[in-house]
Amino acid sequence: MNFDYTETQQLIAESARDFAKQFIEPYVMEWDEKQIFPVDVLKKAGAFGFMGILVPEQYGGSGFGYHEYIAVLNEISMVDPSIGLSIAAHNSLCTNHILTFGNDEQKAKWIPKLASAEWIGAWGLTEHNTGSDAGGMSTTAVKDGDHWIINGAKNFITHGKSGDIAVVIVRTGEKGDSRGITAFVVERGTPGFTSGKKEDKLGMRASETAEMVFTDCRIPDANRLGPIGDGFIQSMKILDGGRISIGALSLGVANGAYKAALKYSKERVQFGKPISQFQGISFKLAEMATDIEASELLLHKAAFEKNAGRSMTKIGAMCKMFASEACVRIANEAVQIHGGYGYIKDFPVEKFYRDAKLCTIGEGTTEIQKVVISRHLLK
């Protein structure tokens, strides 16, 4: 086993680090306070190859695997988790769903625009009354000749307003039937496809989260991804890889909060010495650093399995659960180490603290990850 990054992986991480420093870091708090979704920055990320990391070169992507993907998300999320979240959702949900389950014609039509960030992608599974219970969705698609008519709404959708294209998972059969759900691609501008409420969030405020609304939205059967009734099964497979994304996002949050706390602890003097020299602080730092190492190892184990094309549902759930819970603990301790200064916006840890919590909720709550893991253990 080799735990070192390859030269290429190191260069990719450095490129992401430089990108974040130049195009993201100066604007983090402005975007957060005004809830600005910086579409232009995602377009720039496309030029750097970050919006098509997992896309083969034949479709205009970078042609890399999940180890490189983790490296990019970690570096960007250390600076602003909101931008990390948007890059993750674009890559692992919308783009990857079309790449994995689309036919050759569909991939040739849509993937190059997504890989370059000419188009920003959204992915719609969650509804108002169906969070973890995705099988109980109400949004429907009814066949009408060579077309489908979609009615309903999706909420908590990353890029729900600004996305140029969305993969939407809707009911084509009976409610509660996992074989009664189908995935479709809907382009922005299609009549009947509109946006609803943009959410006012605790954290991740520069990543747009909004409703997508469908009112007699008519799309051709050519926009259907895979066989009728396969949408739920497809979504669960997409979420397996998506959990690596959220784990990598969590790793970036944890690293950002830890590094800020470590720096502050060396600079803050109390009772004649830096607070890092007090055992109460140094032990916190030790626990934080250990959680980060464990998160990273789990993530790269999941990435290894995913790159190898092997089943990684259990390890994916493990890395997502552990890394997300760890980043919440680490962000909390980072605020504590800063004391009163951790509670004000002059220091970065209050934002990491707010951003961290979403990681334990999005793409499957911690409780759902435990369900997934325990089912695999008890087979």
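Our subject is the structure that appears above.
Residues numbered from 1 in each chain as written. Predicted model: local features only at pLDDT ≥ 70, side-chain atom pairs only at ≥ 80, totals over all residues. Heavy atoms only, no water.

Draft legend 1. The arrangement of the overall build of the protein in detail. From N to C terminus, the protein includes eleven helices and ten strands. Relative to the globule expectation of 21 Å for 379 residues, the C-alpha radius of gyration of the protein, 21 Å, shows essentially globular dimensions. When its C-alpha atoms are laid out on the principal axes, the protein stretches across 80 × 45 × 40 Å. For the protein, the residues scored as buried account for 55% of the 379 residues in total. Long-range contacts, defined as pairs at least 24 residues apart, comprise 74% of the intrachain contacts of the protein with a sequence gap of at least 6. (Helix = DSSP H or I, 4+ residues; strand = E, 2+ residues; numbered from the N terminus. Rg over C-alpha atoms; globule rule 2.2 N^0.38 Å. Buried < 20%, exposed > 50% of the residue type's maximum accessible area, 1.4 Å probe, protein only. Contact = heavy atoms within 4.5 Å.)

Draft legend 2. Unusual backbone geometry, seen in detail. The phi dihedral of aspartate 216 falls on the positive side, at around 50°, and the residue is not glycine. Residue placement: aspartate 216 occurs in strand β7 (residues 209–220). Its identity is not glycine, yet glutamate 363 carries a phi of approximately 55°, on the positive side. Along the polypeptide, glutamate 363 turns up in the loop between α10 (349–356) and α11 (366–377).

Draft legend 3. View of the side chain of serine 92. With respect to the helices and strands, serine 92 occurs in helix α5 (residues 81–101). On the basis of relative accessibility, which here comes to 0%, the residue serine 92 falls in the buried class. Within the local environment of serine 92, its side chain forms a polar contact with the side chain of serine 245, the two groups lying 3.0 Å apart. (Polar contact = N/O pair within 3.5 Å; in protein donor to acceptor, adjacent residues only side chain to side chain.)

Draft legend 4. Spotlight on the layout of surface pockets. Approximately 1200 Å³ is the volume attributed to the largest pocket. Lining the largest pocket are 45 residues; nearest its centre among them are Thr126, Ile361, Gly362, Glu363 and Gly364. With seven residues, the top contributor of residues to the lining of the largest pocket is helix α7 (residues 231–267). Along the lines of polarity and charge, the residues of the lining of the largest pocket split into 21 nonpolar, 14 polar and ten charged. (1 Å grid on protein atoms, 1.4 Å probe; cavity = no way out; pocket = protein on both sides within 12 Å on 5 of 7 lines; lining within 4 Å. Points joined across faces, edges and corners; volume = space filled by probe spheres on them. Nonpolar A, V, L, I, M, F, W, Y, C, P; charged D, E, K, R; others polar.)

Draft legend 5. Molecular detail of the pairing of strand β2 (residues 140–144). Both β2 and strand β3 (residues 147–158) contribute to a ladder of five bridges, which runs antiparallel. Opposite valine 142, over in β3, you have isoleucine 149 as the bridge partner. Counted along the chain from β2 to the antiparallel partner β3, the turn is two residues long, and its residue glycine 145 has a positive phi close to 65°. (Pairing = 2+ DSSP bridges.)

Draft legend 6. Molecular detail of the packing of aromatic side chains. Summed over all chains, the structure comprises 13 aromatic pairs. Considering the side-chain rings of phenylalanine 19 and phenylalanine 50, the 5.5 Å spacing of their centres and the 85° angle between planes classify their relative orientation as edge-to-face. Pair noted here: phenylalanine 19 is in helix α1 (residues 7–23) and phenylalanine 50 is in the loop between α3 (39–47) and α4 (66–79), with a separation of 31 residues, a long-range link. Classification of phenylalanine 19 by relative accessible area gives buried; the value is 1%. Judged by relative accessible area, phenylalanine 50 falls into the buried class, the value being 4%. Through pairs of rings, three or more aromatic residues link up here, namely Phe19, Phe23, Phe48 and Phe50. A cation over an aromatic ring shows up here: lysine 273 above the ring of phenylalanine 278, its NZ or CZ 4.6 Å from the ring centre. Sitting above the plane of the phenylalanine 322 ring, arginine 329 keeps its charged end 5.8 Å from the centroid. (Phe/Tyr/Trp six-rings, centres within 6.5 Å; stacked < 30°, edge-to-face > 60°. Lys NZ or Arg CZ within 6 Å of the ring centre and 35° of its normal.)

Draft legend 7. Seen up close, a nonpolar patch on the surface. On the surface, a nonpolar cluster with roughly 460 Å² of combined accessible area is contributed by Met1, Phe3 and Leu297. Position of leucine 297 among the secondary structure elements: in helix α8 (residues 279–307). (Patch = residues over 30% accessible without salt bridge, like charges linked within 9 Å, V, L, I, M, F, W, Y side chains within 5 Å. Areas by Shrake-Rupley, 256 points an atom, 1.4 Å probe, with all protein chains shown as cover. Salt bridge = Lys/Arg side-chain N within 4 Å of Asp/Glu carboxyl O.)

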